Amino acid sequence: MDPTREPTHTRCAIFACGWCDRDGVECRFCAGTGWWRPERPHRDGNGLVVWHRIDEPCRGCAGTGKEHSPLAAS
């Protein structure tokens, strides 16, 4: 993963989001970077399924780097 890349969203699409505005609540899926590295299955030439790592904006926080789950709030 390239740490210099910026997330595709600087914040979520909700105006004045109470979850994005909280300080110090990093996303547990991407550790606040806004990017994660899931694995995607791929079938090679011999028919064997192998897994490839891909870089994409974090789906857990929509690339904001902050948790949006009300259950995560303390």
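By the naming in an unreviewed UniProt entry, the protein goes by DnaJ-class molecular chaperone and is assigned to Nocardiopsis metallicus.

So, on to unusual backbone geometry. Even without glycine at this site, Ala31 takes up a positive phi of about 60°. The topology assignment puts Ala31 in the segment before strand 1 (35-36). Positive phi outside glycine occurs at Ala62, with the angle close to 60°. Structurally, Ala62 can be placed in the segment after strand 4 (56-57). Using a relative accessible area of 35% as the deciding quantity, one classes Ala62 as partly exposed.

Moving on, we get to the state of the cysteines. Disulfide: a covalent bond formed between the sulfur atoms of two cysteine residues. Applying the stated criterion across every chain, the model contains zero disulfides. Here Cys27 stays unpaired: no disulfide links it, and the sulfur of Cys58, its closest cysteine neighbor, is 3.8 Å away. As a non-bridged cysteine, Cys61 has Cys30 as the owner of its nearest cysteine sulfur, 3.8 Å distant.

Mapped onto the secondary structure, Glu56 falls in strand 4. A polar contact of 3.0 Å, which involves the side chain of Glu56, links it to the side chain of Arg59. Aside from chain neighbours lying at most four places away, what touches Glu56 is Gly34, Trp35, Trp36 and Pro38.

To continue, consider the pattern of salt bridges. Scanning the entire structure with this criterion turns up three salt bridges. In this structure, Arg37 and Asp55 form a salt bridge, with 3.0 Å as the shortest nitrogen-oxygen distance. Of this pair, Arg37 sits in the loop between strand 1 and strand 2 (39-43) while Asp55 sits in the loop between strand 3 (49-53) and strand 4, placing them 18 residues apart in sequence. Note on Arg37: relative accessible area 38%, which makes it partly exposed. A residue is classified by how much of its surface remains accessible, and Asp55, at 31% relative accessible area, is partly exposed. The closest approach of N and O atoms between Glu39 and Arg53, which form a salt bridge, is 3.5 Å. Here Glu39 is found in strand 2, whereas its partner Arg53 is found in strand 3, with 14 residues between them in sequence. Under the relative-accessibility criterion, Arg53 is labelled partly exposed at 47%.

Cut-offs used in this document
- Residues numbered from 1 in each chain as written.
- Predicted model: local features only at pLDDT ≥ 70, side-chain atom pairs only at ≥ 80, totals over all residues.
- Heavy atoms only, no water.
- Helix = DSSP H or I, 4+ residues; strand = E, 2+ residues; numbered from the N terminus.
- Buried < 20%, exposed > 50% of the residue type's maximum accessible area, 1.4 Å probe, protein only.
- Disulfide = S-S within 2.5 Å.
- Polar contact = N/O pair within 3.5 Å; in protein donor to acceptor, adjacent residues only side chain to side chain.
- Contact = heavy atoms within 4.5 Å.
- Salt bridge = Lys/Arg side-chain N within 4 Å of Asp/Glu carboxyl O.

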